Number of protein chains: 2
Amino acid sequence: MIKIAVDAMGGDYAPGEIIKGAVQAAGMRDDIQIILIGKEDVVREELKKHTFRDGQITVQNASEVIATEEPPVNAIRKKKDSSLVVGMNMVKRGEADAIVSAGSSGAILVGGQVIVGRIKGVERPPLAPLIPTEKGVSLLIDCGANVDARPSHLVQFARMGSIYMEHVVGVKSPRVAIVNIGAEEEKGNALVKETFPLLKECPGINFIGSIEAREIPHGGADVVVCEAFVGNVILKLYEGVGATLLSKVKEGMMSSLRSKIGALLVKPALKETLKSFDASKYGGAPLLGLNGLVVKTHGNSKATEVCNSIIQCVTFKEQGINEKIRESLGREKTEEGKE
Amino acid sequence: MIKIAVDAMGGDYAPGEIIKGAVQAAGMRDDIQIILIGKEDVVREELKKHTFRDGQITVQNASEVIATEEPPVNAIRKKKDSSLVVGMNMVKRGEADAIVSAGSSGAILVGGQVIVGRIKGVERPPLAPLIPTEKGVSLLIDCGANVDARPSHLVQFARMGSIYMEHVVGVKSPRVAIVNIGAEEEKGNALVKETFPLLKECPGINFIGSIEAREIPHGGADVVVCEAFVGNVILKLYEGVGATLLSKVKEGMMSSLRSKIGALLVKPALKETLKSFDASKYGGAPLLGLNGLVVKTHGNSKATEVCNSIIQCVTFKEQGINEKIRESLGREKTEEGKE
């Protein structure tokens, strides 16, 4: 039985869509147990709208909620009875294998490190979402957890990312590349230039060199390594350019009577193809390298995204990703898991 | 009379498309004179295909060509008779007001600084392309010239970018924002955190704060300030996501008979709208802050892009952009223009 804590109060559509997604996930798998964390009366009221197997979904009361705009460190320290902190403590104590939250990114990142704690040997836990490409998906790592990273961090990202892509997504010997401003080894800023030779020498990964941002959507690498600032820019620009272009396509289709008729004919086929380029269906972003699993889903996640994120936790647990990370990275360093 | 040197040998479609674009530009304006630089026999042979006003286009022989893959510093130093070096020397000596090249980016950046030289007071000359947005265009500055920039560089980018957007593009009091991973002032990496307060205090610019990458395609700022690594990632991801999405749209339209018929009806209108999101029509990227004007156009530029880049030089010169930059930045520093 895999136990997954779900932050019922975090996200733009909480608690309704979060709970709906949790119920969906429960319906898909017999071997998971979901603990919904939040204001008990609110959660129970919402649960009444759904049917589910007795005992498969339980409720854990948490009287507080962390808002998106709250300074994360403060929020984690002070709101001991918030849904996020209560859930993370359950993961820490082993009462849950994973926590899924659509709440404040900052609080999730801080809470993951401070409460759940790092695996011994992991220097910095990266946030690693899957992003759609022409060929399927790639893992973008790191994407928001650690700005101003050091070369050794990036090497660990490459190793953890490889493990994740191979065992959760199922890509054999995933191609690892570092984001750069040119394909040649001598290109780049100081961080990339220092990291490049370390990646070349790193055992156990399939390092293919630099990747220019242009090649990311084409699927030029399976594991796209970068420091968090650049990763965040990539993730958000993906969304922004996509949204703008699609609105331009719609605008074009609505601009004349002729094109409007065409649009009616084109629409179903177009919808199907564009769905494959929709980031939300790939679930949330795991914060890798923690003593447990913390998954951040997009703040505007609806039931489908929440459900997918929960199912993703099952694969993560079944494949023993944390054991593999511990094996791969644990031998090198003896740093403690908490700060 | 504005004199514009054109590197006839640089770019994927040189010399044919470059020369065609130059002839087009000459046909549009009586007040420009174009100097085509390259192997004289090759250029003259190509020119025979076109008609133009006598004396408006001249040819300057240059026996060498810098290839894209050559290490830039070496190429600039050793190939004294390359089309790029010859052209830049003409700008330096005042025999040309500007040079347009679709050749090696690295060589253009190095040559601009080493041969043409910086305006007194300018610390680093940024490469500043216009990128399409929902609302029109924004200036992305810096986008490839200076990795590992310092806060003072970014402040100068903001000031030079404002002058360019106001006087070349015609945006009154352009909104300046710094690329960041969150909207709040306390977010960001070390560089952004240090630069933010400097931009807030900077006189003469309309600083509106941070911009997340998601908002760039929506037109959230007119002058988008960032260091070169991030700028390069933004520019190239713009291209990559755009190309991938459009190929998905086409794929969707071709997936059934019904959608194929629809596609025929939709096509003309769609083409028109998407053209407005095509970066190439906005001309090349100027390297700002030099004693003269150096414009880099995309390596795969065809005649239209070359023509637009040339016309852009006219506005730059007419509006006295360099004089304005000199006035704005020249008072502060006494650094020499050449290294």
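Residues numbered from 1 in each chain as written. Chains lettered and ligands numbered in written order. Predicted model: local features only at pLDDT ≥ 70, side-chain atom pairs only at ≥ 80, totals over all residues. Heavy atoms only, no water.

The name given to chain A in an unreviewed UniProt entry is Phosphate acyltransferase, with the source organism recorded as Candidatus Lachnoclostridium pullistercoris. The annotation that UniProt attaches to chain A under Catalytic activity (unreviewed entry) is "a fatty acyl-[ACP] + phosphate = an acyl phosphate + holo-[ACP]". Per its UniProt entry, chain A bears the Subcellular location (unreviewed entry) comment "Cytoplasm". (UniProt positions renumbered as here; feature names shortened; annotations may be inferred.)

> Any chance you could break down the pairing of strand S1 (residues 2-7) of chain B for me, citing the residues and the numbers?
All names here are of chain B. The element S1 is largely enclosed, with a buried count of five among its six residues. Handedness of the crossover joining S1 and strand S2 (residues 32-38) through helix H1 (residues 16-28) is recorded here as right-handed. Note: S1 against strand S4 (residues 98-101), three bridges, orientation parallel. Bridge pairing in S4 places Val 6 opposite Val 100. (Buried < 20%, exposed > 50% of the residue type's maximum accessible area, 1.4 Å probe, protein only. Helix = DSSP H or I, 4+ residues; strand = E, 2+ residues; numbered from the N terminus. Right-handed = clockwise from strand over helix to strand, strands pointing away. Pairing = 2+ DSSP bridges.)

> Any details on the sheet that holds strand S10 (residues 285-287) of chain B? Residues and values, ideally.
Residue and element names in this part refer to chain B. Pairing in this open sheet of six strands is mixed, and the strands run S3-S2-S1-S4-S11-S10 from one edge to the other. Both outer strands of the open sheet, strand S3 (57-61) and S10, are each paired with one neighbouring strand and no more. Averaged over neighbouring strand pairs, the angle between their axes works out to 25° when direction is ignored. Helix-sheet contacts for H1 involve S1, S2 and S3, and the interaxial angle to S2 is about 170°. Along the sheet, helix H10 (residues 303-318) makes contact with S1, S2, S4, S10 and strand S11 (293-296), crossing S1 at roughly 145°. (Axes fitted to C-alpha atoms, helices over the stretch in contact; angles between N-to-C directions. Contact = heavy atoms within 4.5 Å.)

> Account for the relation of the copies chain A and chain B, with residues named and values stated.
Of the transformation superimposing chain A on chain B, the axial component is 0.0 Å and the angular component is 180°, with the fit at an RMSD of 0.0 Å. Such values leave the two copies arranged in the relation of a two-fold axis. Minimal C-alpha distance to the rotation axis in chain A is attained by Gly262(A), lying at 1.9 Å. (Least-squares fit on C-alpha atoms with pLDDT ≥ 70 in both.)

> Give me the lowdown on the pattern of salt bridges, citing residues and values where you can.
In this structure the tally under the stated criterion is 24 salt bridges over all chains. The closest approach of N and O atoms between Arg44(A) and Glu40(A), which form a salt bridge, is 3.1 Å. Here the residue Arg44(A) and the residue Glu40(A) both occupy positions in helix H2 (residues 40-47), the gap between them amounting to four residues, near one helical turn. Take Arg44(A): its relative accessible area is 41%, and that puts it in the partly exposed class. Among the residues examined, Glu40(A) registers a relative accessible area of 30% and is labelled partly exposed. Two residues, Lys49(B) and Glu46(B), come together in a salt bridge whose shortest N-O distance is 2.9 Å. (Salt bridge = Lys/Arg side-chain N within 4 Å of Asp/Glu carboxyl O.)

> I'd like a rundown of the interface of chain A and chain B, residues and numbers included.
How big an interface is tends to be stated in terms of the accessible area lost upon association of its parts. Counting from both sides, the interface comprises 56 residues of chain A and, opposite them, 55 residues of chain B. Summing both sides of the interface, chain A and chain B together bury roughly 4900 Å²; the carbon and sulfur share of this comes to 74%. At the junction of chain A and chain B, the tally comes to four salt bridges. Notably, a salt bridge pairs Glu212(A) with Lys236(B), separated by 2.2 Å at the nearest N-O pair. Where chain A packs against chain B, one counts 16 residue pairs in polar contact (both at pLDDT 80 or more). Elements that contribute at least two residues to the side of chain A that touches chain B include exactly strand S7 (175-180), helix H7 (190-201), helix H8 (228-253) and helix H9 (257-275) of chain A. (Buried area = accessible area lost by both parts, 1.4 Å probe. Polar contact = N/O pair within 3.5 Å; in protein donor to acceptor, adjacent residues only side chain to side chain.)

> Give me the side chain of Glu227(A): which residues, what numbers.
Residue and element names in this part refer to chain A. Take Glu 227: it is sitting in the loop between strand S9 (223-225) and H8. Summary of buried charges: Glu 227 has no salt-bridge partner, and the nearest side chain of opposite charge, Arg 124, is 8.0 Å away. With residues up to four places along the chain from it excluded, the contact list for Glu 227 reads Asp 142, Asn 146, Val 147, Asp 148, Ala 149, Leu 154 and Leu 191. (Lys, Arg positive; Asp, Glu negative; His and termini not counted.)

> An account of the sheet that holds strand S7 (residues 175-180) of chain B is needed here, citing residue identities and associated values.
Residues and elements named next belong to chain B. A sheet is described by the order of its strands in space; here five strands give the open sequence S5-S6-S9-S7-S8, paired in mixed fashion. If you trace the sheet from one side to the other, it starts and ends with strand S5 (130-133) and strand S8 (206-212), each paired once. Direction aside, the axes of adjacent strands within the sheet are offset by 30° on average. Bridge analysis of S5 against strand S6 (residues 136-141) gives four bridges, and the strand direction is antiparallel. Paired with Thr 133 across the two strands is Gly 136, which belongs to S6. Taken strand by strand, helix H8 (residues 228-253) contacts S5, S6 and S7, and its axis lies near 50° from that of S5.

> Explain the environment of Phe229(A) residue by residue, including any values.
By the element assignment, Phe229(A) lies in helix H8. When sequence neighbours within four positions are dropped, the list of residues in contact with Phe229(A) reads Val147(A), Val179(B), Asn180(B), Ile181(B), Gly188(B), Asn189(B), Val192(B) and Val230(B).

> Mind laying out the environment of Ser83(A), listing which residues take part and the relevant values?
All names here are of chain A. With respect to the helices, strands and loops of the structure, Ser 83 is situated in helix H4 (residues 83-92). Using a relative accessible area of 2% as the deciding quantity, one classes Ser 83 as buried. Each C-alpha atom, one on Ser 83 and one on Leu 199, is 39 Å from the other, the two residues being 116 residues apart in sequence. For Ser 83, the contacting residues outside a window of four places in its chain are Asp 7, Met 9, Ile 37, Gly 38, Ala 62 and Glu 64.

> Describe the packing of aromatic side chains, naming the residues involved and giving the relevant values.
Residue and element names in this part refer to chain A. Applying the stated criterion across every chain yields a total of four aromatic pairs over all chains. Each ring, one from Phe 196 and one from Phe 207, has its centre 5.2 Å from the other, and the planes form 75°; the classification is edge-to-face. With Phe 196 in helix H7 and Phe 207 in strand S8 (residues 206-212), this residue pair connects regions lying eleven residues apart in the sequence. Its guanidinium or amino end placed over the ring of Tyr 13, Lys 302 lies 4.7 Å from that ring's centre, counting from NZ or CZ. (Phe/Tyr/Trp six-rings, centres within 6.5 Å; stacked < 30°, edge-to-face > 60°. Lys NZ or Arg CZ within 6 Å of the ring centre and 35° of its normal.)

> Can you break down the packing of H8(A) against H9(A) residue by residue, with the values?
All names here are of chain A. Put simply, H8 and H9 touch, their axes get as near as 9 Å, and they point 155° apart. By the angle class used here, H8 and H9 are roughly antiparallel. Contacts between H8 and H9 involve Leu 246, Gly 252 and Met 253 from the first element and Ser 259, Lys 260, Ala 263, Val 266, Leu 270 and Leu 274 from the second. Residues belonging to the contact of H8 with H9 are distributed by class as follows: six nonpolar, two polar and one charged. (Parallel < 35°, antiparallel > 145°, perpendicular 65-115°, else oblique. Nonpolar A, V, L, I, M, F, W, Y, C, P; charged D, E, K, R; others polar.)

> Help me get a handle on the packing of helix H6 (residues 151-169) of chain B against helix H7 (residues 190-201) of chain B, residues and values and all.
Residues and elements named next belong to chain B. Between H6 and H7, whose axes approach to 9 Å, the crossing angle comes to 50°. The angle between the axes of H6 and H7 places the two elements in the oblique class. Between H6 and H7 lies a crossing of right-handed hand. From H6, Pro 151, Leu 154, Val 155 and Ala 158 reach across to H7, where they touch Leu 191, Glu 194, Thr 195, Leu 198 and Leu 199. The residue inventory of the contact of H6 with H7, partitioned by class, reads seven nonpolar, one polar and one charged. (Left-handed = near helix turned anticlockwise from the far one by under 90°.)

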